[in-house]
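# Remarks on the overall topology
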Amino acid sequence: MTSLPLVEQASFGKTSRKDQWWLPSLLTFLGLSSFIGYTTWAALQGVNYYYGNYLSPFYSPELFGNSHHAWFGLKPDWWPQWLIFSPAILILPFPAGFRLTCYYYRGAYYKAFWADPPACAVGEPRKTYLGENSFPLIVQNIHRYFLYFALIFIGLLSADVYKAMWFKNTATGQDSFGIGVGTIVLAVNVVLIAGYTFGCHSLRHLIGGRRDEVSKKPFSLACYTCSSALNRRHMLFAWLSLFWVMFSDVYVRLCALGIWQDWRII
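First things first, this report covers the structure right here in the doc. (Residues numbered from 1 in each chain as written. Predicted model: local features only at pLDDT ≥ 70, side-chain atom pairs only at ≥ 80, totals over all residues. Heavy atoms only, no water.)

We now examine the overall build of the protein. A count of helical and extended segments in the protein gives eight helices and four strands. Each helix (α) and strand (β) of the protein, taken in turn from the N terminus, gives the series α-β-β-α-α-α-β-β-α-α-α-α. Across its three principal directions, the C-alpha atoms of the protein cover 90 × 50 × 40 Å. Across the protein, every contact between residues at least 6 apart in sequence was considered, and the portion connecting residues at least 24 apart equals 68%. The protein carries 21 positive and 13 negative side-chain charges, and their two centres are separated by 6 Å. (Helix = DSSP H or I, 4+ residues; strand = E, 2+ residues; numbered from the N terminus. Contact = heavy atoms within 4.5 Å. Lys, Arg positive; Asp, Glu negative; His and termini not counted. Charge placed at Lys NZ, Arg CZ, Asp CG, Glu CD.)

Right under this line is the structure:
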């Protein structure tokens, strides 16, 4: 038997690649950092998150708050006085947890934020591999549970789109049907988030991947096929939905501030 020599692990960043292997990770770092920075700032504002019948998706559902969208009225009495209050704080952990534990996103930010690995065939900064069987990365295994909340949020955001189609008539005081630019912005947001969520690896497994012979279950096969089609564009939907939900908040916020005027199409 011929013995093969052991290949010494390359030092951090060492590679024979000649392409710009660092560029995708850099763009990912800048993109995710921009989103995290803006989302944190917007979530802590607690104001200018609604405009008439429009509600920012960062604040939906508004459980407690100052707008007419709030389910249970103003800030609750049990909220600690020393802690800043914003309706977004109560709901953002659920969609954030879904994206943070997403199979695509974790692969993206592992490379971009702690170079694990920097890229294919590029030296890593550590010598051992612990996987996701110990804290804190073992928390990634709860992704499938965040999926259930993500599916509920699609329904809640869809309800916001419906509300965004009814405008207060200043003459009669009654609500009348209409479509504004904001209505379309919020509708596109739901479509992109649904495309991202319905293509989730966990959902794909749940509706068909766990079966030994999915072809014997026609309905399950149809759902599995649709989810698989979206899954092939999972990265695209992940980025489009990420930035569109941010743009949706920007749109509602600038309308509330009077900087942008919402145009009524119908």
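Here the focus is the side chain of His 234. By the secondary structure assignment, His 234 is in helix α8 (residues 234–256). Residue His 234 is classed as buried on the basis of its relative accessible area, which comes to 4%. Once residues within four sequence positions are removed from consideration, His 234 is found in contact with Cys 102, Tyr 104, Tyr 196, Gly 199, Cys 200 and His 201. (Buried < 20%, exposed > 50% of the residue type's maximum accessible area, 1.4 Å probe, protein only.)

Before going further, it helps to examine the packing of aromatic side chains. Enumeration over the complete set of coordinates arrives at 30 aromatic pairs. Judged by centre distance (6.4 Å) and plane angle (80 degrees), the rings of Phe 35 and Phe 58 are edge-to-face. With Phe 35 in helix α1 (residues 23–45) and Phe 58 in the loop between β2 (54–55) and α2 (93–100), the pair connects residues that are 23 residues apart, well separated along the chain. Across this residue pair, the class does not change: Phe 35 and Phe 58 are buried. (Phe/Tyr/Trp six-rings, centres within 6.5 Å; stacked < 30°, edge-to-face > 60°.)

We now examine α1. Helix length check: α1 (23 residues) gives 33 Å between terminal C-alpha atoms against 33 Å at 1.5 Å per residue, within 8%. Taken together, the buried positions of α1 are Ser 25, Thr 28, Gly 31, Leu 32, Phe 35, Tyr 38, Thr 39, Ala 42 and Ala 43. Buried residues along α1 sit in contact with α3 (103–114) and α8. Positioned one or two residues after α1, Gly 46 has a phi angle of 75 degrees, which is positive. (Expected span 1.5 Å × (residues − 1).)

Relative to the 16 Å expected for twelve residues at 1.5 Å per residue, α3 spans 16 Å between its end C-alpha atoms, a close match to the ideal helical length. Regarding α3, the residues found buried are Tyr 104, Tyr 105, Arg 106, Ala 108, Tyr 109, Tyr 110 and Ala 112. Buried residues along α3 sit in contact with α1, α2, α4 (143–163), α5 (181–198) and α8. The positive-phi residue at the C-terminal boundary of α3 is Ala 115, with phi of around 50 degrees.

So, on to the pattern of salt bridges. One pass over the structure, following the stated rule, counts four salt bridges. Arg 17 is the partner of Asp 19 in a salt bridge, and the nearest nitrogen-oxygen pair spans 2.7 Å. Under the relative-accessibility criterion, Asp 19 is labelled partly exposed at 41%. Asp 175 is paired through a salt bridge with Lys 168; the nearest N and O atoms lie 3.5 Å apart. Residue classification places Asp 175 among the partly exposed positions, given a relative accessible area of 46%. (Salt bridge = Lys/Arg side-chain N within 4 Å of Asp/Glu carboxyl O.)

Turning to the nonpolar core, a few remarks are in order. With 47 residues, the main nonpolar core has Tyr 54, Phe 58, Phe 98, Tyr 104, Tyr 105 and Tyr 196 as its most contacted residues. Elements represented by at least two residues in this core include exactly α1, β2, α3, α4, α5 and α8. With sequence-adjacent residues up to four places away left out, Tyr 104 is seen in contact with His 234, Met 235, Ala 238 and Trp 239. (Core = buried A, V, L, I, M, F, W, Y, C linked by side-chain atoms within 4.5 Å.)

On to the packing of α1 against α3. Two packed helices can be described by the angle between their axes and the distance between those axes. Between α1 and α3, whose axes approach to 8 Å, the crossing angle comes to 105 degrees. The angle between α1 and α3 places the two elements in the roughly perpendicular class. Here Ser 25, Thr 28, Phe 29, Leu 32 and Ser 33 of α1 come into contact with α3, specifically with Tyr 105, Ala 108, Tyr 109, Lys 111, Ala 112 and Phe 113. Partitioned by chemical class, the residues of the contact of α1 with α3 number seven nonpolar, three polar and one charged. (Axes fitted to C-alpha atoms, helices over the stretch in contact; angles between N-to-C directions. Parallel < 35°, antiparallel > 145°, perpendicular 65-115°, else oblique. Nonpolar A, V, L, I, M, F, W, Y, C, P; charged D, E, K, R; others polar.)

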